[in-house]
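Below are the chains, spelled out letter by letter.
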Amino acid sequence: MRSCIQAVAISGVMVALLNHGGMVRAQAVNEPVSDRQASMPALMPLPAHMQMGAGAYKIEPGLTVGYAHFHDARLDAGVARMLKRLQFASGVPLPRAVAGNSATGGIAVDVAGPGGAVQSLEEEEAYSLAVTQQGVRLKAATVVGALHGMETLLQLATVKDGAAVLPEVTIDDAPRFHWRGLMIDVSRHFEPVSQIERTLDGMAVVKMNVFHWHLSDDTGFRAESLAYPKLTSMGSNGDYYTQAQMREVVAYARARGIRVVPEFDMPGHIVSWLVGYPELSSSPGPFQVPETAGIHDEALDPTRESTYAFLDKLVAEMVTIFPDAYFHIGGDESEGKAWLANPKIVAFMKQKGYQKPAELQAYFSQRMQQIVEKHGRKPIGWDEILVPGLPKSVVVQSWRGADSLAAGAKQGYRGVLSAPYYLDAMKSNETHYLADPIPADTTMTAEEQKLILGGEVCMWAEHLNERTIDGRIWPRAAVMAERFWSPQSDRDVASMYRRLPAISLALERVGLTHLTGPAVMRRSISRNVDPGMLKVLTDVLQPVPFDEREENQHTDSRTPLDRLIDTVVPDPPSRFEIARDVDAVVNNTADSKEAEARLVARFIEWQHVSGPLAAEMQQNPLMNDAAVRATQLGALGALGLEALKGGGAVKQQAAQVADADNPAGLVRFTFLDAMKKLVEAAK
């Protein structure tokens, strides 16, 4: 491996080292990209068809906005939000609303009609956008399509030659899948309406169109019921949404082209229901809201007609709040232990000829399907409900994987894929990006593929709260939003990572706290207004996956989420950046000198902060369990420098990489695979 470490240290090629706050800091250097990539706007999701021109439309104070044909209050409000955000992004004073009917000059919005009174799965979402030097024309069949087009327009806005501009471009765009969802569990840790609404703003930015609201589980029932008030008065620990708040969220979502699908999980995950209504249970009780999440044995009694009468009345009430065509009935992780322990239920199973709890659950699902459809809704449930006898009208949401989804499609069931998109697994953006609801090598027929409605990102809440949730969801959800929207052939991982910072800033501009939240947490746990050394460490750390944290921390509803793991985010930019630079150096590419300079800057900085940071962390009870990571960072910096020089000491030091790969402090380094590659090349 070629080494230029000594030359780099004194050449102008090296990343500038800035002494800031008593520490050496590496100045960010953009990823080397091709000329074509560099000229392309950083859009996410990528449009289906896009043709760039050479010119640009200049955004000036005299800009006018008008409608070519239809408009209504929802479209007016969307245009007003667009202008407000465009002004903020460009710095150019803009009108607060449209000037009136206009088809030429400025921004012309040409919408054919409003779309459905209740947005449907089949709602037309396509749009076209043409930007010339003379003006902008946005065309769509529906308001929802126009809202998507406005998000693309906002992402196009940039600064060129000292002016705010929209680049000349022609876009014809439509989604690949109709169901592009995000689920948030508010049972384990409650999220206020403000957090839900800023999430909806983020979803709109990346054209996601289904908010799946997981409103009940063992640890809390979060939706106010006037028919059954004890569901929240006894089953929520005081944290729930009033009916007025839920209607507010539904309206807020509709204004942004997003459907709200409520979930009330049953027949399992229902301890919070039973605290106030123990007569629903298969077990004798008594019950209390559990502090620990997980799988609890309790389940609704599916043999009593009174159970279905209760559920019928509850569904009847909730559909007045949630107008969407789909109603989620859960169905996951109901193992049947409480049923088999109840002689009356066992007798019922025998009478019906059921051998296993799964057959009794199929009976329950059939009854729930009838209730949901009675109230004009279509049932959807997790893929445990996919057993013989399940009505074909039930949509199956698969958390078990693409194979389970395909198995359902082969039996004629419509489905939504979630398994590869679980955010608490802490997988890389690359892994999520390349996972597809319909893989290229699928064995499904063309007709079976039509049954795959799309995909849904899932954010379970055992280990997060209002302060940390945004950093767990964003910007990662944007990567999966592109997978659900853009053509299957768009699989350029380097391009995705290049565009991700721009969309992250766009998400922050609509109020999300995925960038500021971790910084607030670092200041909080370090008791330092400028914890620069800590940031050097946290920039190259990520949280351990759900199972590892659950096993080592034993988190429950009382656990203060204030450790180092709560200040770091999954797959931070360092993982991709370091891997890219190591590949360039090892393979001696054209930009290897610049890549080596960036690595040298990083490794020196790691050594510089390691000692004082480790000492500081050891004295801090909120960080002392992870102090070893600071010590390891310095050792890894020394190892990296030695590897770049091709020094013989690398063989002796290589054990440090293995040591750094061991569990510590619930956080893991992002770059160890790249470091191993660098060490192997040095050997």
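Higher on the page you've got the structure.
Residues numbered from 1 in each chain as written. Predicted model: local features only at pLDDT ≥ 70, side-chain atom pairs only at ≥ 80, totals over all residues. Heavy atoms only, no water.

## A look at the packing of aromatic side chains
Following the criterion strictly, the structure yields 22 aromatic pairs and no others. An aromatic cluster of at least three residues, connected via ring pairs, comprises F190, F211, W213, Y241 and F322. The ring of Y252 has R256 sitting right over it, with the charged end atom 3.5 Å from the ring centre. (Phe/Tyr/Trp six-rings, centres within 6.5 Å; stacked < 30°, edge-to-face > 60°. Lys NZ or Arg CZ within 6 Å of the ring centre and 35° of its normal.)

## Some details on the environment of T242
Among the secondary structure elements, T242 is positioned in the loop between α6 (230-233) and α7 (243-254). The spacing of T242 and L182 is 60 residues in sequence and 22 Å in space, taken between C-alpha atoms. (Helix = DSSP H or I, 4+ residues; strand = E, 2+ residues; numbered from the N terminus.)

## Describing helix α4 (residues 143-156)
Between its first and last C-alpha atoms α4 spans 20 Å; for 14 residues at 1.5 Å apiece the expected length is 20 Å, and the two agree. For α4, a buried count of 14 out of 14 residues is recorded, marking the element as mostly surrounded by other parts of the structure. (Expected span 1.5 Å × (residues − 1). Buried < 20%, exposed > 50% of the residue type's maximum accessible area, 1.4 Å probe, protein only.)

## As for the nonpolar core
Residues W213, W273 and W474 are the most contacted members of the largest nonpolar core, which totals 96 residues. The element contributing the most residues to this core is helix α18 (residues 493-509), with seven residues. When sequence neighbours within four positions are dropped, the list of residues in contact with W213 reads I184, V186, I196, Y241, M246, V249, V260, V261, P262, E263 and F322. In this structure, I525, V568, V600 and L678 belong to the second largest nonpolar core, which totals 48 residues. (Core = buried A, V, L, I, M, F, W, Y, C linked by side-chain atoms within 4.5 Å. Contact = heavy atoms within 4.5 Å.)

## A short note on the pattern of salt bridges
Overall, the coordinates contain 37 salt bridges when judged by the stated rule. In this structure, D312 and K374 form a salt bridge, with 3.1 Å as the shortest nitrogen-oxygen distance. With a gap of 62 residues between them, D312 in helix α9 (residues 305-318) and K374 in helix α12 (residues 357-374) connect regions that are remote in the sequence. With relative accessibility at 56%, the residue K374 sits in the exposed group. Put simply, E448 and K410 hold a salt bridge, and the shortest N to O gap is 3.6 Å. Taken as a pair, E448 in helix α15 (residues 446-449) and K410 in helix α13 (residues 402-410) lie far apart in primary sequence, 38 residues in all. Note on K410: relative accessible area 43%, which makes it partly exposed. Sharing partners across several salt bridges, the network here consists of D185, R188, D217 and E462. (Salt bridge = Lys/Arg side-chain N within 4 Å of Asp/Glu carboxyl O.)

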